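Geometric and topological summary
Spelled out from the first residue to the last, the chains are:
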Amino acid sequence: MNITLAEKNLDIRLSPAAEHALAQRQTPLLAEMELLFSCLIRKRVRFGDLTAEDAIPASDRLSVRFRPVMTRVCAMADVTGSPPLDDFPIANPRPYVPRWLAIDYRRGQWLGEFGY
Amino acid sequence: MDTKKLALIATKGSLDWAYPPFILASTAAALGYEVQIFFTFYGLQLLKKDLSHLKVSPLGNPGMPMKMPFGPKWFKGINWNIPNAVQSLVPGYESLATALMKQTIRNNGVASIPELRELCIEAEVKLIGCQMTVDLFGFDHADFIDGIEYGGAATFFEFAGESDICLYI
């Protein structure tokens, strides 16, 4: 499926397991594509139930959001848990919005990856 | 308010040293800076169409930890302190180190060099290849991605002289 984020086309690829798990859900799933600006630029997809105001519905069971963030603590450990992230004030977000998002569901967990 | 300007000079052509110019450029562009990168000498490798040739070398690089990107946590934590003499003798050691580095990068969700370069291009970062170095190394413009400008130091100084930040990498 495809949606438009910041005037850019985003190709969403769901694995068969993800499609099956989505179909079982009672509430929409939020997939947040997080782009962390730090010493390195790190990509991560976070999943949740809450729908953010700027999330774009891809279907009745899946919403997608792009969130550029920054942290003053440059730690790889931020990959897990809840790092102290602040929104990153991107002047023009369009170039940074991914072109594709892949979602999988394995061993009861949502897995995501995005790219350009 | 005047747009801030960042000028970067990229001189290195290895996988690890490809990161600083593209990270700084894409971050600055995200903050609204006008950015130019001048690629000279080995830095020209970062403008090649195919970036798969970029390698990292632990040889003569004591600051580079050699850790495995797979296995249990205790195994990943081991720093394989292999003497330079051994590294230089083992065929394919550099390729192995590069593969391990790429896996570590993937494991940590860090954006790849092709992705960062793509971001920079889309964010209108101006990429300038040093024409003298292109000639010196016998490269051809067809070796490089489209959309880059070729020039010399004088071309770059027109922008760098007015920049707020100028960094040599």
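Please refer to the structure higher up on the page.
Summarised in this report is the structure supplied together with it. Here the structure is a predicted model, which means the values were calculated and not measured.

**Let's talk about the side chain of R42 of chain A**
Mapped onto the fold, R42 of chain A is located in strand β4 (residues 41-48). A distance of 2.7 Å separates the side chain of R42 of chain A from the side chain of E34 of chain A, its partner in a polar contact.

**With respect to the environment of D146 of chain B**
Residues and elements named next belong to chain B. When you line up the elements, D146 lands in the loop between α6 (131-136) and β4 (149-151). Overall, D146 belongs to the exposed group, its relative accessible area being 72%. Separated by 99 residues in sequence, D146 and L47 place their C-alpha atoms 9.2 Å apart.

**Describing the pairing of strand β8 (residues 100-106) of chain A**
All names here are of chain A. One ladder, built from four bridges, connects strand β2 (residues 8-14) with β8; its direction is parallel. If you follow R13 over to β8, its bridge partner there is A102. Examined bridge by bridge, β8 and strand β9 (residues 109-115) share seven bridges and lie antiparallel to one another. If you follow A102 over to β9, its bridge partner there is E113.

**Things to note about the nonpolar core**
Counting residues in hydrophobic clusters, the biggest one holds 72 residues, and the most contacted among them are L62, V64, Y96 and L101 of chain A. Among the elements that take part in this core, helix α1 (residues 15-30) of chain B stands out by supplying nine residues, more than any other. Aside from chain neighbours lying at most four places away, what touches L101 of chain A is L10, D11, I12, R13, A31, M33, V45, V64, E113 and F114 of chain A. Ranked by size, the runner-up nonpolar core spans eight residues in total, among them F38, I128, F159 and A160 of chain B.

**Considerations on the packing of aromatic side chains**
Residue and element names in this part refer to chain A. Scanning the model with the defined rule gives 16 aromatic pairs over all chains in all. Centre to centre, the rings of F37 and F88 are 4.3 Å apart; their planes meet at 10°, and the pair counts as stacked. Of this pair, F37 sits in strand β3 (residues 29-37) while F88 sits in the loop between β7 (86-87) and β8, and the two are 51 residues apart along the sequence. A residue is classified by how much of its surface remains accessible, and F37, at 4% relative accessible area, is buried. For F88, a relative accessible area of 9% puts it in the buried group. Their ring planes at 65° and their centres at 5.8 Å tell us that F37 and Y96 sit as a pair that is edge-to-face. One end of the pair, F37, is in strand β3; the other, Y96, is in the loop between β7 and β8, and 59 residues separate them in sequence. A relative accessible area of 1% means that Y96 is categorised as buried.

**Side note on the environment of K8 of chain A**
Among the structural elements, K8 of chain A can be located in strand β2. Judged by its relative accessible area of 3%, K8 of chain A is buried. For K8 of chain A and R94 of chain A, which are 86 residues apart along the polypeptide, the C-alpha to C-alpha distance reads 6.7 Å. If sequence neighbours within four positions are ignored, K8 of chain A has contacts with I3, R94, P95, V97, P98 and R99 of chain A together with E122 of chain B. Only 3.2 Å separates the side chain of K8 of chain A from the backbone oxygen of R94 of chain A, close enough to count as a polar contact.

Analysis parameters
Residues numbered from 1 in each chain as written. Chains lettered and ligands numbered in written order. Predicted model: local features only at pLDDT ≥ 70, side-chain atom pairs only at ≥ 80, totals over all residues. Heavy atoms only, no water. Helix = DSSP H or I, 4+ residues; strand = E, 2+ residues; numbered from the N terminus. Polar contact = N/O pair within 3.5 Å; in protein donor to acceptor, adjacent residues only side chain to side chain. Buried < 20%, exposed > 50% of the residue type's maximum accessible area, 1.4 Å probe, protein only. Pairing = 2+ DSSP bridges. Core = buried A, V, L, I, M, F, W, Y, C linked by side-chain atoms within 4.5 Å. Contact = heavy atoms within 4.5 Å. Phe/Tyr/Trp six-rings, centres within 6.5 Å; stacked < 30°, edge-to-face > 60°.

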